[in-house]
Structures are given as C-alpha cells and as structure tokens.
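In case you want the letters, here they are:
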Amino acid sequence: SSDLPALTRTTPASPSAPGATAAVAPAPSQSPSPHPSGDAQPDEPLVTRESVEDALKDRDWKVRKAAYELLASLLQETATGSQPSNGIDASIVMPSLDQSVPAMVKDSNAAALDAALTFAVLYADYCNGAVSAAQASSIATALYKSSGLSSSRPKTVKLSQALLIKLMEVGEGGTSSVHSVVEVLLQQGLASRKPKVVLNSINLVLDAAKSFGAGSLPIATVASSAPKILGHSNAKVREAGMNIIAEICRALGSKEPLQSVMETLKSAQMSQLDSLLEKQPDPTPPQVGLRNANDQTGPIGSPDDVLAALEAGAKEEAAKKLASRPAVNIFDLLPKTDYAAKLKQAKWSEKTGALDILINCGGEQPYKLVQPSPTVSYTELIRDLRKLLDHTHFAVNSKAMTAISMLAEGVGFKLFPNLRPMLLQLTGLFKDKKLTNAVGKCLDSIFGNVLGFDHLLDKADALPTALDERKQKNALARKSTLEFLRRC
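Residues numbered from 1 in each chain as written. Predicted model: local features only at pLDDT ≥ 70, side-chain atom pairs only at ≥ 80, totals over all residues. Heavy atoms only, no water.

Asks: Looking at this model, I keep getting lost on the packing of helix α9 (residues 195–212) against helix α11 (residues 235–252). Mind explaining?
Replies: Two measures define how a pair of helices packs: the angle their axes make with one another and the distance between the axes. At a minimum axis distance of 9 Å, the contact between α9 and α11 shows a crossing angle of 20°. In terms of axis orientation, α9 runs roughly parallel to α11. Judged by the sense of rotation from one axis to the other, the crossing of α9 with α11 is left-handed. Two secondary-structure elements touch here, α9 through Val198, Leu199, Ile202, Asn203, Val205, Leu206, Ala209 and Lys210 and α11 through Lys236, Val237, Ala240, Gly241, Asn243, Ile244 and Glu247. (Axes fitted to C-alpha atoms, helices over the stretch in contact; angles between N-to-C directions. Helix = DSSP H or I, 4+ residues; strand = E, 2+ residues; numbered from the N terminus. Parallel < 35°, antiparallel > 145°, perpendicular 65-115°, else oblique. Left-handed = near helix turned anticlockwise from the far one by under 90°. Contact = heavy atoms within 4.5 Å.)

Asks: Before we go on, may I ask you to explain α9 in this structure?
Replies: One turn of the α-helix equals 3.6 residues, which is why residues spaced by three or four share an orientation. Taking 1.5 Å of rise per residue, the 18 residues of α9 would be expected to cover 26 Å, and the 26 Å separating its terminal C-alpha atoms lies within 8% of that figure. Buried residues dominate α9, accounting for 13 of its 18 residues. Of the residues one or two after α9, Gly213 is the one with positive phi, at around 95°. (Expected span 1.5 Å × (residues − 1). Buried < 20%, exposed > 50% of the residue type's maximum accessible area, 1.4 Å probe, protein only.)

Asks: Could you clarify how one ought to interpret the packing of aromatic side chains in this entry?
Replies: In this description, a pair of aromatic rings is defined by centroid distance and the angle of the planes. Taken as a whole and assessed by the stated rule, the structure comprises four aromatic pairs. Centre to centre, the rings of Phe119 and Tyr123 are 6.4 Å apart; their planes meet at 35°, and the pair counts as tilted. On the criterion of helical spacing, the pair formed by Phe119 and Tyr123 is a turn pair, its members being four residues apart in helix α5 (residues 110–126). Tyr123 shares its class with Phe119; the two are buried. (Phe/Tyr/Trp six-rings, centres within 6.5 Å; stacked < 30°, edge-to-face > 60°.)

Asks: Before we go on, may I ask you to explain helix α22 (residues 436–449) in this structure?
Replies: Taking 1.5 Å of rise per residue, 14 residues should cover 20 Å, and α22 covers 21 Å from first to last C-alpha, within 8% of that figure. Among all positions of α22, only Ala438, Val439, Gly440, Cys442, Leu443, Ser445 and Ile446 are buried. Buried-residue contacts for α22 involve α19 (394–411), α20 (416–419), α21 (423–428) and α25 (475–487).

Asks: What exactly am I supposed to notice about the pattern of salt bridges here?
Replies: Side-chain pairing between opposite charges can occur once the charged atoms of the two side chains come close. Using the criterion set out here, one finds 17 salt bridges in the structure. When the shortest N-O distance is used, the salt bridge between Glu247 and Arg250 registers 3.3 Å. With Glu247 and Arg250 both in helix α11, this residue pair falls three residues apart, about one helical turn. Glu247 gets classed as buried once you look at its relative accessible area, which sits at 5%. In this structure Arg250 comes out as buried when scored by relative accessible area, which is 7%. Each of Asp125, Lys166, Glu169 and Arg291 takes part in a single network of salt bridges with overlapping partners. (Salt bridge = Lys/Arg side-chain N within 4 Å of Asp/Glu carboxyl O.)

Asks: Explanation requested: unusual backbone geometry in the structure shown.
Replies: Trans is the common state for peptide bonds, and a negative phi is the common state for residues other than glycine. Omega for the peptide link from Gln365 to Pro366 comes to -5°, which places this bond in the cis form. Looking at the secondary structure, you find Pro366 in the loop between α17 (348–361) and α18 (379–388). The residue Asn86 is not glycine, and still its phi comes out positive at about 55°. Here Asn86 is to be found in the loop between α2 (61–78) and α3 (90–93). Overall, the relative accessible area of 8% leaves Asn86 in the buried class. A positive phi angle, near 60°, is found at Ser96, a position not held by glycine. Locating Ser96 in the fold gives a position in the loop between α3 and α4 (97–104).

In short, geometric facts, not functional conclusions.
Below is the structure:
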C-alpha cells in the first residue's frame, strides 16, 4: 500500500468517536453535516460515520468520494501499528462493509472511482472478508462494470491493477483467489469490446503468473482460453498470451502437457515460444508470493504438482462445460431423419447407417441426454439395440454397442433397469475376436455410469456366471471378462 496515493485528504476520525467526519478541504466555519447543506459549500461535502452508509448511495459523486475517503481514514486508523494480515473485521469500520465493496468499485465518476479503488486496496490488504475467493470474484466482476480497466487516467488503471493483484495475493487456501480472479479476467476481459480492457486483462494474467508463479494459475482455464488470446487481432494481446504460455511451460518443465495449445499455434508462434523457452528455460521466481502460503518466494509446486493441477483443472473445466450444456432429446431429432426406415432394411450397411444417425443425434461428447420421464422412454430404443447385438454381421453388433455406450454415458444410472439385463449378453460376445474391443468399450461405458461394482458381482446373471467355466465354456470370453473386471 506504500505505492498508493496518500490517503490523508480526509480528516482522520477515531473509530470510537460517533461524530467522526470526513471532509474535502473543509473550511473552519463549516458545521459537520452528512450531506452538503446549510453552511456547507456545494463542492465541500461532509460525511459522518453515522451517515457514511447513506453517503455511499448518494447521487452526488462528491458525497460518495468523501464517504470512500472517510472509510479509508477509519480503516487506516484501525490498522495503525499492525502489519497487513487480513485480521480486521470489516464490520468494525462499517456494518455490511464486505457487501458494499463490490458496489464501490462500480462508481461511474472518475474521481470518486479513484477514491473507491484506493479504499478497496486497503480493504483487501487488511480486512478478513477480502480473503474469500467468492468476494474476490465479486469485486473483480464489479470492476468490469466501471471504467477501472478502460480509463484514460493512468492512476485509475494502476489502482485497478493493484486491487486485483492484492485480492489474488491475500486469498485463503493459497491459490483460491488467484483462480477466481483469473477466471474473471479471462471471461470478462476477452469478452470486452474495449481493446484497452482486453489488453489490461491479459497483462494482469501475465502479472499474476510472475507475481505468484505460473503454477498458481488455473492452468486448464488459461489453456482453454489460449486459442482466443493467441489469435487476437491485437499484437500486444498475442504477445502477452505467448509469455503466459511460456511461463506455464516452464512451470510444467515441458510443452508436452499443453499439446492442445501447441496444436493451435502457427509456425511463427511456435518459433517464438521456442525462443522464449530457450532464452529462459527455468520458471520465473514469484515476485510477490501468496500471503497464505507463508510468503513463498520460490516456485509454487514441482512440475509434477503443476501437471496434476492441470489435469484436475481440465476435468473441472470439462465438468463445468457439461453442466452448462442443455440435454439432448434424441426423440425430438430421430423422427426428422431416416433412422426408422434404414433400421428396417435387411442390408447390414443400412442398419449401420441407421445407427450412425442415432449416434450423431446424441450430439457432442461427453454426451448429455435427457433423463427418462413420463414423456421420455428409452425402453423401445434399447430393445431394438439389444436385438441388433444378435445380428449376424459384426459391424452391426459393434455399432449397436457404440450406441449403447452413448446412452449409458449420456443418461446414466436411470438406465439401470434397461442395461443391467444385458450384462451376460455383452460378455458372451467376447468370444468373437472381431468384437473384443467393442464389447470392452461398451462395458467400460456402462460401468460407473449405470452399474456399480456390486452389480457386477451379483451371483445371478452377472460376472460370476460369465466366469464360470461350466456356464461359459469359451476361454476367450472368460479371459476378456477378467480383463474387464481388472479395469474396474
């Protein structure tokens, strides 16, 4: 906070003094008043501790500015003699202060916004409410509704950047606030139509990598945003993005874990990345460190730790995308196709064509299909697929199992009554060498999505039966069933 503009323009007030006021250059003859009135000059509002909450909502920007300055003065006095450690309860300064900060950084007046940002940096440095990842995300999101990152005033942009870096630094649980703020920077920043906002947002992600170590970033989220960053029309945005990817590669110890990003790079960009890594192969030591990671100054996590975080983050990112997607109702789509007509044809190629239509109706992977309901029933469809498992052509059998896998993955446990009776039928198909892989993949899809381990071990019509030499005489079928059981 030593680099911030001095917060001495407001009259200091003791937290215990109920009549404490803040004024912008008050004249000695003025009487304290919550708002400009009486003897107060219109451009010199006075705000008291009792009126500060109302003053924050005042239409007059000068009143709001005075309120922000009073809060900064009160917080500074409360923190006198203590080091920044987020040990102050914000409600001591003002009730509901934690809830008010996001609204402060949305102030529409430039001068008032600077005062609000100055206070918000102090709040992030000293108050315990600022360590929450949810609060950090809320403040960062609110900042995009102001001119904080698009202002032509260098002071405003500098304060906005300082606030976001500080929120990331003080987050509880180490990297939690780094993740929440960077996700806002990528989501809101890349979506902005203002070039300055996009550039400032991406530069802040790069600053976070340098301040706290690239391993502290939500790497999977950054990787998924990389194509948009590296393909941006602004060369400075692309350059910042390339430096972010280079920092992540250094933290991972290799480009290989970011193969999905590497595949999107142009040859010139790949050469640029190689040059950056050759010039500096080792991770950049964190310049700031995370407050709740014991002010760590070395690299955050080994390459193995960063890789594990990347893999976990990728799964979380995929789960979020899946959750946000609408479920597909294949029964709305199939009547508009030739599925039924092709399925009735005698030729095996027509039947596989029908199954291809069914699978395509399932949409993108991972599949997400509507759940069974009084208006949605998979029973007849699965009955047709089960009949196709007995077809004389292996291609029809294989394609039917692919369709069953889609249903198992896309619907899940509610297909238990339909798919559980197929277990022995599927394991019996293991005896055909041409179907071994298809059966294994189908069983893998059913296990975990529809069936649990206990279901596989049921004494009746389950794996014990499939492994009983007296009931399943084909050695290849028993061997393949054991391999499936081992995978489970």
